[in-house]
Amino acid sequence: MKTIRNLLSIILASFLLMPGVPVFAAERMSLEDAEELVDQMFDDMEGSEKVLEMPDGGFLYGEAYIAPAEDITEVLISYDSETDPDSKTVEETKIDLIDDLVNGTPTIQPRGASVPTQNYVLGPGAVYKSSPFSGAGWRFSGYMFAPRPDTGYYLLWTSYGDDARVGDIVQARNTLNGTIQGEIIYNGVSKYINKATLSHVYYTYNPVDGSYYVVANY
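Residues numbered from 1 in each chain as written. Predicted model: local features only at pLDDT ≥ 70, side-chain atom pairs only at ≥ 80, totals over all residues. Heavy atoms only, no water.

Peer 1: A description of the nonpolar core should follow, citing residues and the corresponding values.
Peer 2: The biggest cluster of nonpolar side chains holds 22 residues, and the ones touching the most others in it are Leu122, Tyr128, Phe145, Trp157, Tyr202, Tyr213 and Val215. Contributing elements (two or more residues each) for this core: strand 3 (63-68), strand 6 (118-122), strand 10 (154-160), strand 11 (164-167) and strand 15 (212-216). (Core = buried A, V, L, I, M, F, W, Y, C linked by side-chain atoms within 4.5 Å. Buried < 20%, exposed > 50% of the residue type's maximum accessible area, 1.4 Å probe, protein only. Helix = DSSP H or I, 4+ residues; strand = E, 2+ residues; numbered from the N terminus.)

Peer 1: Residues and numbers for the packing of aromatic side chains, please.
Peer 2: Summed over the entire model, instances satisfying the criterion amount to 17 aromatic pairs. Through a chain of ring-to-ring contacts, three or more aromatic side chains come together here, namely Tyr120, Tyr128, Phe133, Tyr143, Phe145, Trp157, Tyr202 and Tyr213. (Phe/Tyr/Trp six-rings, centres within 6.5 Å; stacked < 30°, edge-to-face > 60°.)

Peer 1: Give a detailed account of the sheet that holds strand 15, specifying residues and quantitative values.
Peer 2: Through backbone hydrogen bonds, the strands of a sheet pair up, either in parallel or in antiparallel fashion. An order of 5-1-2-7-15-10-13 is seen for the seven strands of this open sheet, with the pairing classed as antiparallel. Because the sheet does not close on itself, it has two edges, and the strands there are strand 5 (88-89) and strand 13 (191-194). Both strand 7 (residues 127-129) and strand 15 contribute to a ladder of three bridges, which runs antiparallel. Across the sheet, Val127 pairs through a bridge with Ala216, a residue of strand 15. (Pairing = 2+ DSSP bridges.)

Peer 1: Provide a residue-level description of empty space enclosed by the protein, including the pertinent values.
Peer 2: A complete count under the given rule lists one cavity of 30 Å³ or more for this structure. Of the volumes computed, that of the largest cavity is approximately 30 Å³. Together, Phe42, Met45, Val51, Phe59, Leu60, Tyr61, Val127 and Lys129 line the largest cavity. When contributions to the lining of the largest cavity are tallied by element, the ones reaching two or more residues are strand 2 (59-61) and strand 7. A per-element tally of the lining of the largest cavity places strand 2 first, with three residues. A per-class count over the lining of the largest cavity returns seven nonpolar, no polar and one charged. (1 Å grid on protein atoms, 1.4 Å probe; cavity = no way out; pocket = protein on both sides within 12 Å on 5 of 7 lines; lining within 4 Å. Points joined across faces, edges and corners; volume = space filled by probe spheres on them. Nonpolar A, V, L, I, M, F, W, Y, C, P; charged D, E, K, R; others polar.)

Here it is, written out as structure tokens:
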């Protein structure tokens with residue numbers, strides 16, 4: 001049975017990677033469901049705190065920078081939610097996200113069915129919250145994650161609404177190719193994962209609509 005499931009995973013993943021095959025986001029949410037989800041996402045933050053929406057649709061609190069896959073010390077773009085002019089308060093962000101979930105036009109999901117090629121490197125105390133997941137097949141975070149080199153080796157991962165896995169880029173690629181690898185993180189249970197010298201990727205199969213993950217450097 002496990003062999004059959006792995007074979008189906010390979011076939012479906014290959015289909016999702018074919019040119020011209022779009023993967024669409026979930027249908028719009030009801031206002032009640034959207035409010036409940038967004039309140040849960042930001043229930044650990046004050047309404048006046050500032051967060052910055054990132055290029056992949058997630059939200060950053062604190063400092064981070066984008067680095068290439070092969071070198072987490074190379075700063076390509078840096079971010080700081082406290083000083084960035086595009087930052088918004090948590091309260092403003094919640095309003096915008098609820099409106100998008102309820103009224104937004106369904107579009108191709110920004111998180112792909114392929115393994116990411118760049119890093120988010122999180123500064124001390126930084127927190128990244130993904131936007132809600134949807135889609136079919138293996139779905140991967142838009143970026144790999146690593147702590148800033150001078151802050152240690154661990155990041156704290158939490159998956160909400162769905163069980164998932166966290167693995168390095170090799171484990172993520174092997175999983176996509178049918179050999180499931182990586183550490184399991186269970187729904188709502190936070191887990192510290194030691195990156196050693198490697199960045200890590202979040203991934204899940206047939207994600208529950210509205211599920212999301214949080215990764216923090218503390």
